[in-house]
Amino acid sequence: MDEKAASRLRGAGLEVLGMYEGQEGPTVTEVFRDVVHVDAEPVERVRRGGAGEERVVDERWKARAAAGGLVAGDGSFLVAAGMGPGWVRVRLTERTSVSATEDQPGELLFIARSLCGHLALAASAEGSEYWFLEAEFPKVS
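The rules behind each value
- Residues numbered from 1 in each chain as written.
- Predicted model: local features only at pLDDT ≥ 70, side-chain atom pairs only at ≥ 80, totals over all residues.
- Heavy atoms only, no water.
- Helix = DSSP H or I, 4+ residues; strand = E, 2+ residues; numbered from the N terminus.
- Buried < 20%, exposed > 50% of the residue type's maximum accessible area, 1.4 Å probe, protein only.
- Contact = heavy atoms within 4.5 Å.
- Areas by Shrake-Rupley, 256 points an atom, 1.4 Å probe, with all protein chains shown as cover.
- Lys, Arg positive; Asp, Glu negative; His and termini not counted.
- Charge placed at Lys NZ, Arg CZ, Asp CG, Glu CD.
- Pairing = 2+ DSSP bridges.
- Phe/Tyr/Trp six-rings, centres within 6.5 Å; stacked < 30°, edge-to-face > 60°.
- Salt bridge = Lys/Arg side-chain N within 4 Å of Asp/Glu carboxyl O.

> When you look at the overall build of the chain in this model, what are you seeing that I'm missing?
Each helix and strand in the chain was counted, giving three helices and seven strands. Counting from the amino terminus, the chain carries its helices and strands in the arrangement α-β-α-β-α-β-β-β-β-β. Counting only C-alpha atoms, the chain reaches 40 × 30 × 30 Å along its principal axes. Buried positions account for 44% of the 141 residues belonging to the chain. Across the chain, the fraction of contacts at a sequence separation of at least 24, relative to all contacts at a separation of at least 6, is 65%. Summed over its atoms, the accessible surface of the chain is roughly 7,400 Å², and 48% of this surface lies on carbon and sulfur atoms. Separation between the mean location of the 16 positive side-chain charges and that of the 23 negative ones in the chain comes to 3 Å.

> Help me out: how do you make sense of the pairing of strand β7 (residues 129-136) in this one?
Residues in a regular strand project their side chains so that they alternate between the two faces of the sheet. Bridge analysis of strand β2 (residues 44-47) against β7 gives four bridges, and the strand direction is antiparallel. Counted as the bridge partner of Glu 44 is Phe 132 from β7. Sheet topology places strand β6 (residues 119-126) next to β7; eight bridges connect them, and they run antiparallel. Along β7, the bridge assignment pairs Leu 119 with Glu 136. Between β6 and β7, which pair antiparallel one after the other, the connecting turn spans two residues, and Gly 127 there sits at a positive phi close to 60°.

> Would you take a moment to explain the packing of aromatic side chains for this structure?
The geometry of an aromatic ring pair comes down to the distance between the two centres and the angle between the two planes. Counted under the stated rule, the structure contains two aromatic pairs. Here Trp 61 and Phe 77 contribute two aromatic rings whose centre-to-centre distance is 5.5 Å and whose plane-to-plane angle is 45°, an arrangement assigned as tilted. On the criterion of sequence distance, the pair formed by Trp 61 in helix α3 (residues 53-67) and Phe 77 in strand β3 (residues 76-80) is long-range, its members being 16 residues apart. Residues Trp 61 and Phe 110 carry aromatic rings whose centres are separated by 5.3 Å and whose planes lie at 80° to one another, so their mutual orientation is edge-to-face. Taken together, the residues span a long stretch of sequence, with Trp 61 in helix α3 and Phe 110 in strand β5 (residues 109-113) at a distance of 49 residues. Like Phe 110, Trp 61 is buried.

> Can you walk me through the pattern of salt bridges in this structure?
Here the structure, examined in full by the defined rule, presents ten salt bridges. For Arg 45, the salt bridge is made with Glu 129, and the minimal N-O distance between the two is 2.8 Å. Residue Arg 45 is found in strand β2, and its partner Glu 129 is found in strand β7; the two are separated by 84 residues along the sequence. According to the relative accessible area criterion, Arg 45 is partly exposed, its value standing at 42%. Put simply, Arg 64 and Glu 134 hold a salt bridge, and the shortest N to O gap is 2.9 Å. Here the residue Arg 64 occupies a position in helix α3, and Glu 134 occupies one in strand β7, the gap between them amounting to 70 residues. Note on Glu 134: relative accessible area 29%, which makes it partly exposed. One network of salt bridges, in which partners are shared, links Glu 15, Asp 74, Arg 89 and Arg 91.

Note that all results are geometric; they support no functional claim without further evidence.
Right under this line is the structure:
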């Protein structure tokens, strides 16, 4: 696993469990194509520049992830480590801050999916807003 990506995820308070070796569900490329694209419509928006925006982004992302069953019972799910490397299995902790995964200030793109692959959820900085983008994928039997 790329140490820079792992360090960024740990810095955001995620427990890094390792690269995902499973074959179920969509690939990072498939999720990116279906979730983060020019015509994407957010399922929720948060205004940028407001007081406490990072806390709001984190709380709303966690609420959407929990409601959609993206996070497993043990708090684990998959995050994109980049287009090439694939999925990394991580676990939420008390310190997890999705907004802390920004590559550079103001450039948030956090793409996650459930272990079984039925749901993908991204948080993205878009102009004056943070967008939450979702896509459902057929469950793997």
